[in-house]
Amino acid sequence: MMRPRWHKALSDLWSYKIRSILVIASIAVGLFAVGMIASIHTILSQDMRGGYAAVNPANIQVSVSPFTDDLVDRIRNVAGVQDVEGITTTNVRIRTGNDQWSTINLKAIPDFDEMTINQVTLEQGAWPPGKHEIVIEKNKLDEVIRDSTGKVEIELPSGKTRPLQLVGVVHDLTIGSTGGSGGFFMAPIQGYITTDTLEWLEQSDQLNMLYVTVTEEKTNESHIQEISNQVSDEIEQSGQIVYSSLVRSSDAHPNAIYVDAISGVLFVLGLLVVFLSGFLITNTLSALLNQQNQQIGIMKTVGARSNQITGIYMVLIACFSLLALAISIPLSGRAAYALLRFLSGKINFTLGDYRIVPLSIYLQIGIALIVPQAAGIIPILHGSGIKVQEAISGFRSGDINETKGWINRQVEKIHGLSRPMLISLRNTFRRKGRLILTLVTLTLGGSIFIATFNVQASLTSYIGRLGKYFLADVNLTLSQPYRVEEIQNILNTVPGVSHVEGWSAARCEVVNQDGTAGESVQLIGPPPNSSMITPIMLTGRWIVPGDENAVVLNERFQAAYPELKVGDTLRLRVNGKETDWVVVGFFQLAGKSAGYLAYTDYDYL
C-alpha cells in the first residue's frame, strides 16, 4: 500500500494539472533543445566526415602548368604517395536564362574507369558522360537552362555556342575542397566531361590539376604536408610550374568549419533555455510551497520531519523530470533527423539512416536529474523549514519586518490611488526574494529572445560589410591578358557603365623558413586607390599608391602565423618565383572560410 507522503506527491502532480503541465513543458523544452542539438552535432560529425572519407578525397591538390601522363607516373613513384590522377579543369559559361550566363567549372577526366579519387555518386541518368555529353552536379542544377531534348548551351572563347547533352546528375562531396574563397557556397556550377569534348569546346586537352592521396596517416595534415612538399619538388624538377597546392585530411569535409560554428551557437542557446527552465521551476515551486504552508504545518504537527517533507517535493520534481524526459527524448531525435534531412542538401553531405544518439539521451537524463532538483532545492528547503505556528497561521515573523520596509513606506506615501491598488503594490514588494526571482526569469527570457535577433542583425550587418570587398556590379575574367587601358576604353563606351577597374590575381604559396612550401594563398592586386573595395582593417594600413612589395593579409594568417606582425617580411612563391613581401596590415574577411587571402598593388603584381 502506498505511503501517505508519496500519495501526497502524486496527488499534487494530478490535482494541479495546469501547473504540472507548465512545469513539465518548461523542463521538456530545455531537454528537447539540448537533445536535438546534441543529436544534430553528433550525426553531422559522423556523416560529414565519414561520407567525405568514403569518396576517397584527394589529400593533396596541385595546380600545375600543362603536363602529360608522364608527370602522373613520376609522382606515383614518390615515397608516401598511394595514388595519383591528372585531370583538366577549366571555366566556361553556361546559359542560365534568356540573356543570362553563369560560370561552370568543367572537369575533364581522361579515363573514368580509373577514377578512384574524388569519387562522385550518381543521382540520376548515366555515368560517365560520352563525347559531347555532360554530367552536372546537383547543387546548382536548377540554375541551368535545358531545351526540350535535355541539352545545355555552352559559350566558347570565340563567342560561339555549343550544345551538350545532359545525360546525368551526380552528387560531389568535394565541392569547395580547393580552398577557394567562399568554398562550397560560392562555388560555380560543376560539370564533368570527357577530354574529347574539351577540344570541341575550344579548350586545351592538356592536364593541369593533380589529385594525390597518401598511403598512411590520411588524417594527419602535418604528414600530408611533408608528402606535398616532396610532390611539389618532383613537379618542379620535371620542369613544370606549381601554381598552388593544398592539403586536406581525408575526414576534413569542406563545410565542417561552418557546422562547428553553428553547433557552438546552438549549444549556447540550448544551455540558456535549460537555465531559463530552471528559474521557471524555482518560481513554480516557490508558489506551490507558499500555497501549501498549512499542509506543511499539519504534516509537522503529526510528526513529519523537515527532511521527510523535502523528500516529498524532491520526488514531485523527479516525477516532473521523468514525464518531461518521456516527451523530449523521442521528439528531439525525430526533430534532429528531420532538420538534418533538410540541411543535407544545403551543406552538401550524405545523411545516413535514422539512429539513436546515446550522447543525446545521456545529456537529457543527466540534466533532468540535476537541473530541476538544483533549481527546486532552495524553495523546498525554505518551505520545509517553516515553523508549525507560522505554517498554520499563514504569516511569518519575517513578514512583519518586510511590511515595514523602505519600499512599503514609500508606497504608503503615494496619494490618489485606490485601496485595492495600494494593496496590490504592497503585495508586489512584500516577498522581495520572490519578486527578484520573477524579474530575473522574465529578464533572462527576454534576453534570450533579444539576443537571438541581435545575432541575426549582427550577421546581416557583417555580411553587408563583407559585401564591400566586392562592390563591382559586374566581374569579367578574360581568357588572355589585355592592356587595361584598352579594356577600359571599350567598356566605357557601353551605356550604363560608370567606372571600370583592372585587377590582377595569382595563386601562390607561403615559403616556410626551411624552404618548404606552406599554405596556398590567393594574391589579389587591385589599384591602390580602388573605389571597388572597402576593407575592414584590424591593424596596420591598406595598400597605398607607390607600394611595391607591400602586402595586406587576412585574419587567417594571424591564426596560422601568430608571430607574424606588421612590418615583418613574408616570403611567397608566386608563379614559381620566390619573392619577399613586407606585411603592412591585417584585414578581416570571413575567417577560415576565406582561405589565405592577400592584397597587394596591382602594378607591382
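Residues numbered from 1 in each chain as written. Predicted model: local features only at pLDDT ≥ 70, side-chain atom pairs only at ≥ 80, totals over all residues. Heavy atoms only, no water.

Undergrad: How should the overall build of the protein chain be read in this particular structure?
TA: Regarding its fold elements, the protein chain presents 17 helices and 17 strands. Looking at the protein chain residue by residue over its 605 residues, the buried ones come to 44%. Residue pairs at least 24 apart in sequence account for 77% of intrachain contacts in the protein chain once pairs closer than 6 positions are excluded. (Helix = DSSP H or I, 4+ residues; strand = E, 2+ residues; numbered from the N terminus. Buried < 20%, exposed > 50% of the residue type's maximum accessible area, 1.4 Å probe, protein only. Contact = heavy atoms within 4.5 Å.)

Undergrad: Explain the environment of Met48 to me, please; I cannot follow it from the model alone.
TA: Tracing the sequence through the fold places Met48 in helix α2 (residues 17–54). Setting aside anything within four residues of it in sequence, one finds Met48 in contact with Ile43, His253, Asn255, Ala256, Val259, Ile347 and Phe349.

Undergrad: Looking at this model, I keep getting lost on the pattern of salt bridges. Mind explaining?
TA: Note that side chains of opposite charge can pair when their charged atoms are close. Counted under the stated rule, the structure contains 15 salt bridges. As a salt-bridge pair, Glu578 and Arg573 come within 3.2 Å of each other at their nearest N and O atoms. Given the relative accessible area of 35%, Glu578 is considered partly exposed. Within this structure, Glu236, Glu509, Arg571, Arg573, Glu578 and Asp580 form a network of salt bridges that share partners. (Salt bridge = Lys/Arg side-chain N within 4 Å of Asp/Glu carboxyl O.)

Undergrad: Please explain the pairing of strand β14 (residues 550–554) as it appears in this structure.
TA: In the case of a regular strand, side chains alternate between the two sheet surfaces. Counting buried residues along β14, 5 of its 5 residues qualify, which places the element largely inside the surrounding structure. With 5 bridges joining them, β14 and strand β16 (residues 577–588) adopt parallel strand pairing. Looking at β16, one finds that Asn554 is bridged to Phe587. Two strands pair when backbone bridges link them, and β14 and strand β17 (residues 596–600) are joined in this way by 3 bridges, in the antiparallel orientation. Across the sheet, residue Val551 finds its bridge partner in β17, namely Thr600. (Pairing = 2+ DSSP bridges.)

Undergrad: Would you take a moment to explain the environment of Leu359 for this structure?
TA: When you line up the elements, Leu359 lands in helix α10 (residues 358–384). On the accessibility criterion, Leu359 (46% relative accessible area) is partly exposed. Distance from Leu359 to Gly35, taken between C-alpha atoms, is 8.4 Å for residues 324 residues apart in sequence.

Undergrad: Sorry, what's going on with the packing of aromatic side chains here?
TA: Two aromatic rings, taken as a pair, are described by how far apart their centres are and by the angle between their planes. Here the structure, examined in full by the defined rule, presents 10 aromatic pairs. On the numbers, 5.4 Å between centres and 70° between planes, the contact of Phe587 with Tyr599 is edge-to-face. With Phe587 in strand β16 and Tyr599 in strand β17, this residue pair connects regions lying 12 residues apart in the sequence. Just as Phe587 is buried, Tyr599 falls in that class too. Every member of this aromatic cluster is reached through a ring pair, and the members are Phe112, Trp127 and Tyr192. Here the guanidinium or amino end of Arg334 rests over the ring plane of Tyr354, the centre of that ring lying 4.0 Å away. (Phe/Tyr/Trp six-rings, centres within 6.5 Å; stacked < 30°, edge-to-face > 60°. Lys NZ or Arg CZ within 6 Å of the ring centre and 35° of its normal.)

Geometric descriptors of this kind do not, in isolation, establish any biological role.
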